[in-house]
Amino acid sequence: MRTDKVVGVSLTTAHDPSCLSRGQPQPPYYDIQQALPAVWENGKVSTLPLPAGDSNGSAYANNDVGQIIGTSGDCVSNPNARALLWQNGQITNLGSLGGSSFNQPAAINDLGQITGGSDLSGDRIQHAFLWQNGVMTDLGTLSGDFFQLWYFHQ
């Protein structure tokens, strides 16, 4: 069943304390508003829920069977802490390859396979991943590289 949806982020009118340090907005974005993952469908925008404890999020991609991927975390120090899948009103944390700073899905196909990038333990090296059937698999990098991100071509 195909549904026409557009996903992204919506800045709310709420101020997010995680955007501030010593009461001031922080570079490079200088945000003060809460950002929530959003879906536009049938001329209306709605937001997606965040995991407990997270104050910001973004939706990056969706497929034709209603699944949406994105991230959540806080505004400044770790906006991509969790790679997420939203489906049927539920949130699934996709996990990581061991890191905690950058875990970002990039694409999802109609089989529910998700690709993206995730930090390894220590958060200094990132590898591409494939997530399917509840398991995140490290796709590695090209020889000599320390960062690799894979996208599906649909």
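Residues numbered from 1 in each chain as written. Predicted model: local features only at pLDDT ≥ 70, side-chain atom pairs only at ≥ 80, totals over all residues. Heavy atoms only, no water.

Caption draft 1: Broad picture of the nonpolar core. The biggest cluster of nonpolar side chains holds 12 residues, and these are Ala-61, Ile-69, Ala-83, Leu-85, Leu-94, Leu-97, Ile-108, Ile-114, Leu-120, Phe-129, Trp-131 and Met-136. Only β8 (82-87), β11 (114-120) and β12 (126-132) provide two or more residues apiece to this core. Of all hydrophobic cores here, the second largest spans seven residues; its members include Val-7, Leu-48, Ala-59 and Trp-86. (Core = buried A, V, L, I, M, F, W, Y, C linked by side-chain atoms within 4.5 Å. Buried < 20%, exposed > 50% of the residue type's maximum accessible area, 1.4 Å probe, protein only. Helix = DSSP H or I, 4+ residues; strand = E, 2+ residues; numbered from the N terminus.)

Caption draft 2: Representation of the sheet that holds strand β4 (residues 33-41) in the model. With antiparallel pairing, the three strands of this open sheet are ordered in space as β1-β4-β5. Sheet topology places β1 (5-15) and β5 (44-47) at the edges, where each strand pairs with a single neighbour. Strand-to-strand, the axes of this sheet are offset by a mean angle of 40°, without reference to chain direction. Bridge count between β1 and β4: eight bridges; the pairing is antiparallel. The residue of β4 that forms the bridge with Val-9 is Pro-37. (Pairing = 2+ DSSP bridges. Axes fitted to C-alpha atoms, helices over the stretch in contact; angles between N-to-C directions.)

Caption draft 3: Highlighting the environment of Ala-128. Summarising the element assignment, Ala-128 is placed in strand β12. Its relative accessible area of 0% is what places Ala-128 among the buried residues. A sequence separation of 13 residues divides Ala-128 from Thr-141, and the C-alpha atoms of the two residues are 6.9 Å apart.

Caption draft 4: Representation of the pairing of β4. Both β4 and β5 contribute to a ladder of four bridges, which runs antiparallel. Bridged to Glu-41 within β5 is Lys-44. Hairpin geometry of β4 and β5 is characterised by an intervening segment of two residues between the two adjacent antiparallel strands and by a positive phi of about 55° at Asn-42.

Caption draft 5: Expanded view of the confidence of the model for the protein. Across the protein, the average pLDDT comes to 87, with 89% of residues at 70 or higher. This stretch, residues 149-154, has a pLDDT under 50; its non-local contacts, to residues over four places away or in other chains, come to 23 contacts. (pLDDT = per-residue confidence, 0-100. Contact = heavy atoms within 4.5 Å.)

Caption draft 6: Representation of a nonpolar patch on the surface. Among the surface-exposed residues, Val-6, Trp-40 and Val-45 lie close enough to one another that they form a single nonpolar patch of about 300 Å² accessible area. Mapped onto the fold, Val-6 is located in strand β1. (Patch = residues over 30% accessible without salt bridge, like charges linked within 9 Å, V, L, I, M, F, W, Y side chains within 5 Å. Areas by Shrake-Rupley, 256 points an atom, 1.4 Å probe, with all protein chains shown as cover. Salt bridge = Lys/Arg side-chain N within 4 Å of Asp/Glu carboxyl O.)

Caption draft 7: Quick peek at the sheet that holds strand β6 (residues 56-62). The four strands are arranged β6-β7-β8-β9 in an open sheet whose pairing can be described as antiparallel. The sheet is open, and its two borders are formed by β6 and β9 (90-95), each paired with just one other strand. Going across the sheet, the axis of each strand differs from the next one's by a mean of 30°, ignoring polarity. Note: β8 against β9, five bridges, orientation antiparallel. What sits directly across from Trp-86, in β9, is Ile-91.

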